[in-house]
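The residues making up each chain are set out below.
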Amino acid sequence: ADAYLEELNANKKINRYNTDKARINHLLRFAQNNYLTFREIDEAFLRRFISYLKGEKKLSPRSVINTLIVIRTLYNRSIKQGVIERKHYPFGKDKIRIKFPETEKVGLNKDEIQAIEALDALTAQEAHVRNVWLFSFYFAGMRVTDVLWTKWSDIYDNRLHYRMNKNSKLLSLKIPDKVLSILDFYRDDKKHATDFVFPELKKANLDDAKDIYNKRKT
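So, here is what we can say about the structure in this document. (Residues numbered from 1 in each chain as written. Predicted model: local features only at pLDDT ≥ 70, side-chain atom pairs only at ≥ 80, totals over all residues. Heavy atoms only, no water.)

## With respect to a nonpolar patch on the surface
Step number 1: Where nonpolar side chains cluster on the molecular surface, the patch consists of Leu 108, Trp 133 and Phe 137 and spans about 300 Å² of accessible area.
Step number 2: With respect to the secondary-structure elements, Trp 133 resides in helix H6 (residues 124-138). (Patch = residues over 30% accessible without salt bridge, like charges linked within 9 Å, V, L, I, M, F, W, Y side chains within 5 Å. Areas by Shrake-Rupley, 256 points an atom, 1.4 Å probe, with all protein chains shown as cover. Salt bridge = Lys/Arg side-chain N within 4 Å of Asp/Glu carboxyl O. Helix = DSSP H or I, 4+ residues; strand = E, 2+ residues; numbered from the N terminus.)

Have a look at this one:
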């Protein structure tokens, strides 16, 4: 587990590092043992652990599954490295099955979107929050991490060009007319061509992945 977390940290996957570290800590606290062997993490152990997560920790079904996925990842890595034999693997058919629960997606309707657009008498901070949310909405649900990472140099030829933080995929999207007024809201704060559009990352240490993560998370 330590090696796995060190690898995430070295690859600057700070969000994944923090969430998976918390999930591993759930396991250690449940076992009350900081030196837990893979053979101890058998099917019966995991069923008790699942009950602990649902009951005592009151985690949602999705959070329980995400915690099991980390354990499965560690198991698979260790089998590949020859640390444990596959016959001890507690996941799969007739064992612990990892299945994501169905989730209900609730969207806003057209009237609700227009009501957000029409809000007035907002404070500067409220207007900024509305701008960031609408920027994401107008670009078809752009992730907030990518919204905050948007630079003025990404905007040219009436398009937004950016690389998705999640999977490094390059995208080029036509800028909707409603985004132009949002950009005008921040234009006076533009200090140079590669400056960020939104203020959250302007003061971040771009050489420090943890500082970037903390400012984006906040």
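Additional details are given in the paragraphs that follow.
## Side note on the side chain of His 128
Step number 1: Structurally, His 128 is set in helix H6.
Step number 2: When neighbours within four sequence positions are excluded, His 128 is seen to be in contact with Tyr 186, Phe 198, Pro 199 and Glu 200. (Contact = heavy atoms within 4.5 Å.)

## Brief notes about the environment of Gln 114
Step number 1: When you line up the elements, Gln 114 lands in helix H5 (residues 110-118).
Step number 2: Taking the relative accessible area as the measure of exposure, Gln 114 reaches 40% and is therefore partly exposed.
Step number 3: Sequence separation between Gln 114 and Arg 187 is 73 residues; the distance between their C-alpha atoms is 24 Å. (Buried < 20%, exposed > 50% of the residue type's maximum accessible area, 1.4 Å probe, protein only.)

## A short note on the side chain of Asn 66
Step number 1: Among the structural elements, Asn 66 can be located in helix H4 (residues 61-80).
Step number 2: For Asn 66, a relative accessible area of 18% gives the class buried.
Step number 3: Not counting chain neighbours up to four residues away, the residues in contact with Asn 66 comprise Arg 23 and Phe 100.

## Some remarks on the layout of surface pockets
Step number 1: Looking at the largest pocket, its volume works out to about 1,200 Å³.
Step number 2: Along the walls of the largest pocket sit 36 residues, with Asn 15, Thr 145, Asn 165, Lys 166 and Arg 216 positioned nearest its centre.
Step number 3: Taken together, the elements giving at least two residues each to the lining of the largest pocket come down to helix H2 (14-31), H4, helix H7 (144-148), strand S2 (159-163) and helix H9 (209-217).
Step number 4: Element by element, the count of residues in the lining of the largest pocket is highest for H2, at 6 residues.
Step number 5: The calculated volume of the second largest pocket comes to roughly 640 Å³. (1 Å grid on protein atoms, 1.4 Å probe; cavity = no way out; pocket = protein on both sides within 12 Å on 5 of 7 lines; lining within 4 Å. Points joined across faces, edges and corners; volume = space filled by probe spheres on them.)

## Considerations on the packing of aromatic side chains
Step number 1: In this structure the tally under the stated criterion is 16 aromatic pairs.
Step number 2: Aromatic pair Phe 30 and Phe 45: ring centres 5.3 Å apart, planes at 70 degrees, arrangement edge-to-face. Highlighted residues: Phe 30 in helix H2 and Phe 45 in helix H3 (residues 43-55), separated in sequence by 15 residues.
Step number 3: Under the relative-accessibility criterion, Phe 45 is labelled buried at 6%.
Step number 4: Aromatic side chains Phe 45 and Phe 49 sit 6.5 Å apart centroid to centroid with 25 degrees between the ring planes, which places their arrangement in the stacked category. Of the two residues, Phe 45 and Phe 49 are both situated in helix H3; the distance of 4 residues between them amounts to about one turn of the helix. The exposure classification of Phe 45 matches that of Phe 49, with both residues buried.
Step number 5: Following the ring pairs from residue to residue traces out a cluster consisting of Phe 135, Phe 139, Phe 185, Tyr 186 and Phe 198. (Phe/Tyr/Trp six-rings, centres within 6.5 Å; stacked < 30°, edge-to-face > 60°.)

## Quick notes on the sheet that holds strand S3 (residues 170-174)
Step number 1: Pairing is antiparallel in the open sheet, where 3 strands are placed in the order S1-S2-S3. The sheet is open, and its two edges are formed by strand S1 (155-156) and S3, each paired on a single side.
Step number 2: Alignment of S1 against S2, held across 2 bridges, turns out to be antiparallel. Bridging from a neighbouring strand, Ile 155 pairs with Leu 160 of S2. (Pairing = 2+ DSSP bridges.)

## Focus: the pattern of salt bridges
Step number 1: A complete count under the given rule lists 9 salt bridges for this structure.
Step number 2: In this structure, the salt-bridge partner of Asp 184 is Arg 187, at a minimum N-O distance of 3.2 Å.
Step number 3: Residue classification places Arg 187 among the partly exposed residues on the basis of a relative accessible area of 39%.
Step number 4: Between Asp 195 and Lys 202 there is a salt bridge, with the nearest N and O atoms lying 2.5 Å from each other.
Step number 5: What makes Lys 202 partly exposed here is its relative accessible area of 26%.
Step number 6: Each of Arg 16, Asp 20 and Arg 23 takes part in salt bridges that share partners, so that together they form one network.

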